[in-house]
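# Inside the fold
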Amino acid sequence: MIDFEFEPQVINQTRMYHTVAERMMRPISREYDEREHEHPWDFWRAMWTASRNLGPAADSGKTEQAGDGAPKLRNLYTCLSTEELCWGDAGLYLSIPNPGLGGAAVSAAGTPEQKARFLKRFAEGEPKWGAMAITEPGCGSDSAAVTTTATRDGDHWAINGTKIFCTAGQMSAEKSEGFVVVWATVDRSAGRAGIKPFVVEHNTPGMTVARVENKLGIRASDTAMIVFDNCRVPADHLLGSAEVKPTGGFKDVMATFDATRPIVAAMAIGVGRAALDFVRDYLAEQKVPVRYGVSPRRLTAVERDFMEMEAHLKAARLLTWRAAWMLDMGMRNNLEASMAKAKAGRAVTLITQKAVELLGPVGYSRKVLLEKWMRDAKINDIFEGTQQINLMIIARRILDYSSKELN
Amino acid sequence: MVSFELSEEQRMIRDTVAAFATDEVRPAARAADESGAIPAELIAKSWDLGLVRGALPESAGGYGDARSAVTGALIFEELAFGDLAIAMHALAPRLIAYPVLEYGTEEQHTGILKKFATDQFAAGACAIVEPRFDFDPLAMETTAALDGASYVLNGAKCFVPLAAESETILVCAATDGGAGAGAFLVPRATPGLGIGERERNMGLKALATYEVKLENCRIDENARLGGAKGVNFTRLLAQHRVALAAMAVGVARAAYEYAKAYARERKAFGVPIATKQAIAFMLAEMAIEVDASRLLVWEAASRLDKGEDALKESYQARNYSAQAALAVADNAVQTLGGHGYIREHPVELFLRNARGFAAFEGLATV
């Protein structure tokens, strides 16, 4: 039966995340936006400890059965916590020590033994990060065109190439006992089928963080360029099977996106809600009413704009919840995940831009966080599949076209 | 617990209505729009689906099905997917039957419900909209004043569907000198109630709608829906808006699916135009907006089913899906280009109908 109501314990848990966002993230939000590349260690340590109690903040996985046999909506609940934390600060959220996309790749492509071996570290010791390296200077959205190579050399693989835009790349590669999952081709003539994921441990000789990018927003999160120069990793660091075959391998990274896109959409929604809440409070303070129910022809321009922003944010949220819920139910959600991501990324980009416009000089000033949220929001229209890549995926699915037929 | 899954019964109802809309309603849509008349057999066939009678109690001759706004939304979307005007006509009896069922006094139940639990279609009508640009259902200019044991109604209404053939019209009016709002069961023959010429609108040409004038129209005080305590007017309004929003989703989906099928067939430069990003992306955005609108409708409907206040949610759903329907229908016409502009294809009809959602109120209820 159609239902949009969460259980009390889920609502309580969400409130807890909200408190974290409000008390631990908002107070340092501006600071780590202005002091790009500085490290909020106090916050990181607190989150590292808290994740033992709260469960990882950004995680994805398969359906889990609760005691009563009802499916536990783990992806859906992750959307809720993600929205709260990104309401706090999306950049700080992305910087939280956790397995990240590297961990997601291990979960999606690794053998049970590899999962245990590589992911164990996130339950113990000092804060650690995991990152995924796929984009290259010469290929972004066309991720199947990677030129980084992995060549077999005895019982090792030698990796050569340059990766960019690795979220938490520096923390994973150099500044913690984490790892980077790098996608490299073992056979260029095999195309996509030849692209394999390799776990490269922190500080492996031959892996260098060449640059940490300066960005428009989400500045608290490091975005690294990583160069692999004859970087040798043991043979058993190749996730899954080394065999080059048409299925598996690269397809697994795409499966990873089906799980992460709703979460990225939830991130966007958190930022959008932050802006919307701010505008709502400000309008209330200025005694500007927002009247629901009256004739649209009687509304002021401000009311119309605000209501439209609110409706679009909600539409994006419902699409996101649906995509996550489908994953939890074991349904294929490729189409719905892209719908959520495309809608949320676009909606929140426009909502935050409109929010700055509505508040005029107040919104444009760095005294308040609104302008920061506008800068932060834009990334959601770009990473984890740009707006256009997601539209492409949706179009192929609804039209039943292959990537050869529609490109 | 959160779920996006319909119940088995809901799926069955949806599939039945969907088949009827595709096989019977859509093929009749163009002729109905051109002639301004809907074949009586088509209305009779839709009546036989029990979409109105179903939820009426067995004691009144109905089937006693559970009434649900979510299920209602499914029915409205599917039937409007076939054709908006035909859907509004077929489901118009709900405009009286369902508010009476939910808010009516026992006397009103006895008097009214059995009239809709018949084997033959029984027209029903609701008069909410007033002929002015900034009409606001929460600030109506039509008034109902208590005078002894009767109410005296004054004002003007428009967009009243099937007014000329409905035995009773549910007239909404401001009460208590504008402080409240109520709904009144006014027999069509009541002196002071005047039904004007059939209206001529941009879309909905197959649906007979009328202006209704109320000049010192005096009715018994017992004709107030819900008796002296009246109705929860914002809930009634929310029920109307959810139905309209669901219909907007149906129209949007009709336009989207037609454009999608066309784009796969139509070739330009030697290939189907759907293989061009300019068209494919437009279709992808249409698909997103159809789904987004539907989820907003379901959320508002689900609140109604739980008995929660849904004024804001239904308003959101209505406005969002109205805008989305217009944009999607416009994109559908654009996808067909010149072929979309001629009346051979239905997309221009979808566009004319979609534009109406900004003006409609009180044309449907879950």
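Residues numbered from 1 in each chain as written. Chains lettered and ligands numbered in written order. Predicted model: local features only at pLDDT ≥ 70, side-chain atom pairs only at ≥ 80, totals over all residues. Heavy atoms only, no water.

## With respect to the overall build of chain B
Each helix and strand counted, chain B has eleven helices and nine strands in total. A compact globule built from 366 residues should have a C-alpha radius of gyration of about 21 Å, and chain B, at 20 Å, falls within 12% of that. If you line up chain B on its principal axes, its C-alpha atoms span 75 × 45 × 40 Å. With 366 residues in all, chain B has 62% of them scored as buried. Partitioning the contacts of chain B with sequence separation of at least 6, the portion at a separation of at least 24 is 74%. Element-wise, carbon and sulfur atoms account for 51% of the exposed surface of chain B, whose accessible area totals about 13,600 Å². Distance between charge centroids for chain B: 4 Å, based on 36 positive and 47 negative side chains. (Helix = DSSP H or I, 4+ residues; strand = E, 2+ residues; numbered from the N terminus. Rg over C-alpha atoms; globule rule 2.2 N^0.38 Å. Buried < 20%, exposed > 50% of the residue type's maximum accessible area, 1.4 Å probe, protein only. Contact = heavy atoms within 4.5 Å. Areas by Shrake-Rupley, 256 points an atom, 1.4 Å probe, with all protein chains shown as cover. Lys, Arg positive; Asp, Glu negative; His and termini not counted. Charge placed at Lys NZ, Arg CZ, Asp CG, Glu CD.)

## Overview of unusual backbone geometry
All names here are of chain A. Residues other than glycine seldom take positive phi values, yet histidine 37 does so here, at roughly 75°. A positive phi is found at aspartate 400, a non-glycine position, where the angle reads about 60°. Among the secondary structure elements, aspartate 400 is positioned in the segment after α13 (387–399).

## A look at the interface of chain B and chain A
Often, the extent of an interface is quoted as the loss of accessible area on bringing the components together. The partner chain A presents 49 residues to the 51 residues of chain B that form the contact. The junction of chain B with chain A conceals about 4,700 Å² of combined surface from both sides, 62% of it contributed by carbon and sulfur atoms. Considering only the surface of chain B that becomes buried against chain A, B:Met1, B:Val2 and B:Phe4 emerge as the three largest contributors, covering 16% of it. The interface formed by chain B and chain A contains eight salt bridges. Those elements that provide at least two residues to the side of chain B that touches chain A are α7 (233–265), α8 (277–305) and α9 (311–336) of chain B. A per-element tally of the side of chain B that touches chain A places α8(B) first, with 16 residues. Tallied by class, the residues present in the side of chain B that touches chain A amount to 26 nonpolar, eight polar and 17 charged. (Buried area = accessible area lost by both parts, 1.4 Å probe. Salt bridge = Lys/Arg side-chain N within 4 Å of Asp/Glu carboxyl O. Nonpolar A, V, L, I, M, F, W, Y, C, P; charged D, E, K, R; others polar.)

## A few points about the domain arrangement of chain B
All names here are of chain B. With domains assigned, chain B is organised as domain 1 (8–116), domain 2 (125–229) and domain 3 (233–358). For domain 1 versus domain 3, the distance between C-alpha centres works out to 21 Å. Tallying the contact residues gives 24 residues for domain 1 and 31 residues for domain 3. Of the roughly 2,200 Å² buried at the junction of domain 1 and domain 3 (both faces included), carbon and sulfur atoms supply 59%. If you sort the residues of domain 1 by the area they bury against domain 3, Arg30, Glu77 and Phe81 come out on top, with a joint share of 27%. In this assembly, domain 1 and domain 3 are joined by seven salt bridges. Arginine 294 is the partner of glutamate 77 in a salt bridge, and the nearest nitrogen-oxygen pair spans 2.9 Å. Counting the contacts that link domain 1 with domain 3 gives 15 residue pairs in polar contact (both at pLDDT 80 or more). The biggest single contributor to the side of domain 1 that touches domain 3 is helix α3 (residues 69–82), with nine residues. Residues that form the side of domain 1 that touches domain 3 fall into these classes: 14 nonpolar, one polar and nine charged. (Domains from an automatic or database assignment. Polar contact = N/O pair within 3.5 Å; in protein donor to acceptor, adjacent residues only side chain to side chain.)

## Section: the pattern of salt bridges
As enumerated under the stated definition, the model contains 64 salt bridges over all chains in all. Notably, a salt bridge pairs B:Asp134 with B:Arg132, separated by 3.3 Å at the nearest N-O pair. As far as burial versus exposure is concerned, B:Asp134 and B:Arg132 are alike and both buried. B:Arg132 is the salt-bridge partner of B:Glu141, the closest N and O atoms lying 3.6 Å from each other. Beyond isolated ion pairs, a larger network of salt bridges with shared partners links A:Glu83, A:Glu84, A:Arg273, A:Asp277, A:Arg280, A:Glu310, A:Arg317 and B:Lys312.

## Considering the domain arrangement of chain A
Residue and element names in this part refer to chain A. Domain boundaries assigned for chain A yield domain 1 (8–101), domain 2 (125–237) and domain 3 (250–399). Contacts between domain 1 and domain 2 engage 21 residues on the former and 20 residues on the latter. Both faces considered, domain 1 and domain 2 share a buried interface measuring about 1,800 Å² in area, 60% of it formed by carbon and sulfur atoms. Broken down residue by residue, the surface that domain 1 buries against domain 2 is led by Glu36, Trp48 and Leu101, which jointly contribute 28%. At the surface where domain 1 touches domain 2, the tally comes to two salt bridges. Among the salt bridges present, the one from glutamate 126 reaches arginine 45, with a minimum N-O distance of 3.8 Å. At the level of secondary structure, the elements contributing two or more residues to the side of domain 1 that touches domain 2 comprise α1 (8–34), α2 (41–54), α4 (90–95) and α5 (100–109). Of the residues that constitute the side of domain 1 that touches domain 2, the class distribution is eleven nonpolar, six polar and four charged.

## Remarks on α8(B)
Residue and element names in this part refer to chain B. The end-to-end C-alpha separation of α8 is 41 Å, in line with the 42 Å expected for 29 residues at 1.5 Å each. Within α8, 24 of the 29 residues are buried, which leaves the element mostly enclosed by the surrounding structure. Backbone geometry just downstream of α8 places glycine 307 in the positive-phi region, at approximately 75°. (Expected span 1.5 Å × (residues − 1).)

## A short note on the packing of aromatic side chains
Residue and element names in this part refer to chain A. Counted according to the given criterion, the structure contains 16 aromatic pairs over all chains. Summarising the aromatic geometry, the rings of tryptophan 41 and tryptophan 129 are spaced 5.7 Å apart at their centres and angled 85° between planes, so their arrangement reads as edge-to-face. Of the two residues, tryptophan 41 is situated in helix α2 and tryptophan 129 in the loop between α6 (112–119) and β3 (130–133); the sequence distance between them amounts to 88 residues. Overall, the relative accessible area of 1% leaves tryptophan 129 in the buried class. Ring geometry for tryptophan 157 and phenylalanine 198: centres 5.4 Å apart, planes at 65°, overall edge-to-face. Of this pair, tryptophan 157 sits in strand β5 (residues 156–167) while phenylalanine 198 is found in strand β7 (residues 195–201), placing the two residues 41 residues apart along the sequence. Among the residues examined, tryptophan 157 registers a relative accessible area of 7% and is labelled buried. (Phe/Tyr/Trp six-rings, centres within 6.5 Å; stacked < 30°, edge-to-face > 60°.)

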